[in-house]
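Spelled out from the first residue to the last, the chains are:
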Amino acid sequence: MIHLTELKSLMLAQGTHADRHPHLSAASGLVQVGQWLYVVADDELHIGQFLRDGHAHGRLHRCFEGELPLDAEERKAEKPDIEVLTLLPNFSAQTTLLALGSGSKKNRHRSTLITLDSHGNIHGKPLLLELEKFYGFLKDEIGKLNIEGAAVVDDSMYLFQRGNKKNKLNASIRLSLADFYKVLRAPDKKFAPHIHITPYNLGNIADVPLCFTDASALDSGDIVFTASAENTSDSYLDGQCMGSAIGVINRTGDLVLLEPIDKTVKLEGIEANASGNRVDILLVTDADDAARPAQLYSASMKRPG
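Residues numbered from 1 in each chain as written. Predicted model: local features only at pLDDT ≥ 70, side-chain atom pairs only at ≥ 80, totals over all residues. Heavy atoms only, no water.

Engineer: Mind showing me how you'd approach the packing of aromatic side chains here?
Structural biologist: In this description, an aromatic ring pair is defined by two values, namely the gap between the centres and the angle between the planes. One pass over the full model with this rule turns up six aromatic pairs. Relative to Tyr-181, the ring of Phe-91 has its centre 4.9 Å away and its plane inclined at 80°; by these criteria the two rings are edge-to-face. Placement of the pair is Phe-91 in the loop between β6 (82–88) and β7 (95–101) and Tyr-181 in helix α3 (residues 177–185), with a sequence separation of 90 residues. Each of the two residues, Phe-91 as well as Tyr-181, counts as buried. (Phe/Tyr/Trp six-rings, centres within 6.5 Å; stacked < 30°, edge-to-face > 60°. Helix = DSSP H or I, 4+ residues; strand = E, 2+ residues; numbered from the N terminus. Buried < 20%, exposed > 50% of the residue type's maximum accessible area, 1.4 Å probe, protein only.)

Engineer: I tried to follow the sheet that holds strand β14 (residues 204–205) on my own but got confused; where do I start?
Structural biologist: What holds strands together in a sheet is hydrogen bonding between their backbones, with the strands either parallel or antiparallel. Within the open sheet, the five strands sit side by side as β14-β15-β16-β17-β18. Their pairing is antiparallel. Both outer strands of the open sheet, β14 and β18 (255–260), are each paired with one neighbouring strand and no more. Pairing between strand β17 (residues 240–249) and β18: five bridges, direction antiparallel. Bridge pairing links Ala-245 to Pro-260 in β18. (Pairing = 2+ DSSP bridges.)

Engineer: Just to check I follow, could you spell out the state of the cysteines for this structure?
Structural biologist: Chemically, a disulfide is nothing more than a covalent bond linking the sulfur atoms of two cysteines. By the definition in use, this model includes zero disulfides. Distance from the sulfur of Cys-211, which forms no disulfide, to the nearest cysteine sulfur (Cys-241) is 11 Å. (Disulfide = S-S within 2.5 Å.)

Engineer: Could you clarify how one ought to interpret the nonpolar core in this entry?
Structural biologist: Side chains of nonpolar character tend, in soluble globular proteins, to be buried together. Leu-88, Phe-134, Leu-138, Met-157, Leu-159, Phe-180 and Leu-184 are the most contacted members of the largest nonpolar core, which has 27 residues in total. Only β6, β7, α2 (132–142), β10 (147–153), β11 (156–161), β12 (171–176) and α3 provide two or more residues apiece to this core. If we ignore the near neighbours within four places in the chain, the residues touching Leu-138 are Gly-143, Leu-145, Leu-159, Ile-173 and Ile-195. Among the nonpolar cores identified, the runner-up in size contains 18 residues, and Ile-2, Val-248, Ile-270 and Tyr-297 belong to it. (Core = buried A, V, L, I, M, F, W, Y, C linked by side-chain atoms within 4.5 Å. Contact = heavy atoms within 4.5 Å.)

Engineer: Mind showing me how you'd approach the environment of Asp-155 here?
Structural biologist: For Asp-155, the position within the fold is in the loop between β10 and β11. The spacing of Asp-155 and Ser-176 is 21 residues in sequence and 6.0 Å in space, taken between C-alpha atoms. Filtering out sequence-adjacent residues up to four positions away, Asp-155 remains in contact with Ser-176 and Leu-177.

Engineer: What's the story with the side chain of Ser-102 in this structure? I'm lost.
Structural biologist: Structurally, Ser-102 can be placed in the loop between β7 and β8 (110–116). Side-chain polar atoms of Ser-102 contact the side chain of Asp-81, separated by 2.5 Å. Once residues lying within four places of it in the same chain are set aside, the contact partners of Ser-102 are Pro-80, Asp-81, Glu-83, Arg-108, Tyr-135, Leu-145, Asn-146 and Ile-147. (Polar contact = N/O pair within 3.5 Å; in protein donor to acceptor, adjacent residues only side chain to side chain.)

Engineer: Please explain the side chain of Asn-121 as it appears in this structure.
Structural biologist: Inspection of the secondary structure assignment puts Asn-121 in the loop between β8 and β9 (127–130). Reaching out from Asn-121, the side chain makes a polar contact with the side chain of Trp-36 at a distance of 3.4 Å. Discounting chain neighbours no more than four positions away, the residues touching Asn-121 are Trp-36, Tyr-38, Gln-49, Arg-59, Thr-115 and Leu-116.

Engineer: For this particular structure, what's the right way to read the pattern of salt bridges?
Structural biologist: Pairing is possible between side chains that carry opposite charge, provided their charged atoms lie close to one another. Using the criterion set out here, one finds 19 salt bridges in the structure. Between Asp-179 and Lys-182 there is a salt bridge; the shortest N-O distance is 3.9 Å. Within this pair, Asp-179 and its partner Lys-182 are both found in helix α3, separated by three residues, close to a single helical turn. For Asp-179, a relative accessible area of 16% translates into the label buried. Since its relative accessible area comes to 49%, Lys-182 is described here as partly exposed. Measuring nitrogen to oxygen at the nearest pair gives 3.2 Å for the salt bridge that ties Lys-266 to Glu-230. Taken together, the positions of Lys-266 in the loop between β18 and β19 (267–275) and Glu-230 in strand β16 (residues 223–231) put the pair 36 residues apart, joining distant regions of the chain. Taking the relative accessible area as the measure of exposure, Glu-230 reaches 8% and is therefore buried. When salt bridges that share partners are traced, they join Glu-148, Arg-162, Glu-230, Lys-266, Glu-268, Asp-286 and Asp-288 into one network. (Salt bridge = Lys/Arg side-chain N within 4 Å of Asp/Glu carboxyl O.)

Pasting the structure below:
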């Protein structure tokens, strides 16, 4: 079992609306760049920027235009459902973050490219992408979509499809990084890249299947991922979280580690880095409750080998 250490709540200097709590509540993706942590939340139009250390409140940067309703059900229907945040190596001359929608509904194809300066701060306005054609291609290949994580290993991009109690396909979708960059640079063009789909059975917690929620690649080519057991049969509807786990897929695609965590929280974002024989991990949670802030946790485990 992996022990989580709570570091802080993801509090904000200012929320998106006077009637919303000043925190991120539904963290869904995490990337560390230098001293900064960037966090996307699936019920926001912004990305959060937090210092890795200390308890200073974070700030929001707008990624998408418009405003989301305050009512929970209306907000759920209209949100872009950004579930993925990852760094894109060599995409441009500057460090680039990609925030991806889940693709689980027609309005969840929106994504954005975010450029960082040499200090790791957001530089300029994010570039909006409409990936309807790419998501349509993926849907034709695998059925109902719910993309929850991404990781780059060498010259390949891995996207992680999250299943549920009804749609049991829990899988990685691998395509070449070059082809993925073609999609991002010309999203309006119809393009059918070669993809390789690998299904995974991650077991269950209380008869609820563990399903992918995020991923982070190590320098070795191993991918460290989070998975949660959410008691729902739909990619749209939330359900009670029965628990979460952290696992490792090696560079040949084999599941080599899967360990439960010691808290009943829904892990939704991960950043992992290896140091010697140890893997140091940062994690963020989604409480499925706008009144409760997402939490930042740390963990460590022995490096598989």
